[in-house]
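Coordinates in review
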Amino acid sequence: MAELEVIRGDITKLAVDAIVNAANTKLKGGGGVDGAIHRAAGKAHLLAATAPLGGCATGDAKATPGFNLPATWIFHTAGPVWSVKRGGKTAEDAKDALLRSCYRRCMELAREHNVRSIAFPAISTGVYRFPPNRAAGIAIATVREHLQASGVERAIFCCYNEATEAIYRALLA
Ligand code: AR6
C-alpha cells in the first residue's frame, strides 16, 4: 500500500531512491534547496551532469544521479514564479497548472527510473513565493493522483520549517 508521509528536515540527508530539487530553468544551481543539493551532491558533478540537458522548462523535470547524496537520483524541476503584479484568476490558474506539472513530471520520472521512494521539497514556496497552502494542496493532490501508476511506495513531503510541516499535516489529516 503506497503511502504519503510528511517529515521535517533537510532533504539532502534522505536515503531515498530520488529527491526532487526545486531548481530553475537554467539548471545551473542557485540558493535555497537547490544550493543545498548542489553542495551536498558535489557541485562539479552536478554541473557536469546538467550541462548537456539543455535546461528545464518551467513545469518540466530532468533526472541526474545523486552523486555524493544518499539518494540515488535527483529530479530537477523548475517551478513557476508566483508574481503578484501579474495576478488575476487566469494568471493564477496558469501557475497552478505549471506547479501540478512539476509534480506530475517527477512522478513520471519515478516510473521511468523504478523509483520506490521519493522526497519532495515544497516547490516554488521559497524564493518563488507561491502561496504555501495553495502549493501544498496541489502537491498532495497531484502526487496522490499519480501514485499508483508511478510504482512509488513512499512519497515523502520534506518540510524545511515548522510552518510548512503544519500545512502538510493539516491537509493530510
Ligand atoms: N531541504 C528541504 N527543503 C528545503 C531545504 C532543504 N535543505 N532548503 C530550503 N528548503 P526554494 P523555490 C525549502 O527557495 O521557491 C533557487 O535559487 C524552503 O524552505 O529553495 O522553488 C533555485 O535555483 C521552501 O519551503 O525554491 C531557483 O532559482 C522550499 O524548500 C529558486 O530558488 C522551496 O524554496 C526556486 O525557488
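Residues numbered from 1 in each chain as written. Predicted model: local features only at pLDDT ≥ 70, side-chain atom pairs only at ≥ 80, totals over all residues. Heavy atoms only, no water.

Going by what an unreviewed UniProt entry lists, the chain is known as O-acetyl-ADP-ribose deacetylase (Regulator of RNase III), contains Macro domain and is assigned to Terriglobus roseus.

This part is about the side chain of Thr12. Looking at the secondary structure, you find Thr12 in the loop between strand S1 (3-8) and strand S2 (18-23). With a relative accessible area of 6%, Thr12 lands in the buried category. At 2.8 Å, the side chain of Thr12 and the side chain of Asp10 are in polar contact. (Helix = DSSP H or I, 4+ residues; strand = E, 2+ residues; numbered from the N terminus. Buried < 20%, exposed > 50% of the residue type's maximum accessible area, 1.4 Å probe, protein only. Polar contact = N/O pair within 3.5 Å; in protein donor to acceptor, adjacent residues only side chain to side chain.)

Right, let's get into the sheet that holds strand S3 (residues 61-65). Strands sit in the order S1-S6-S5-S2-S4-S3 across an open sheet of six strands; the sheet is mixed. What marks the edges here is a single partner per strand, and that holds for S1 and S3. In this sheet, neighbouring strand axes are inclined to one another by 25° on average, regardless of whether the strands run parallel or antiparallel. Bridging between S1 and strand S6 (residues 154-159) involves six bridges; their strand directions are parallel. In the sheet register, Ile7 faces S6, and the bridge partner there is Cys158. Seen against the sheet, helix H1 (residues 32-41) touches S2 and strand S4 (73-78) and runs at an angle of roughly 130° to S2. Set on the sheet, helix H3 (residues 89-112) makes contact with S2, S3, S4 and strand S5 (117-120); between it and S4 the angle comes to about 155°. (Pairing = 2+ DSSP bridges. Axes fitted to C-alpha atoms, helices over the stretch in contact; angles between N-to-C directions. Contact = heavy atoms within 4.5 Å.)

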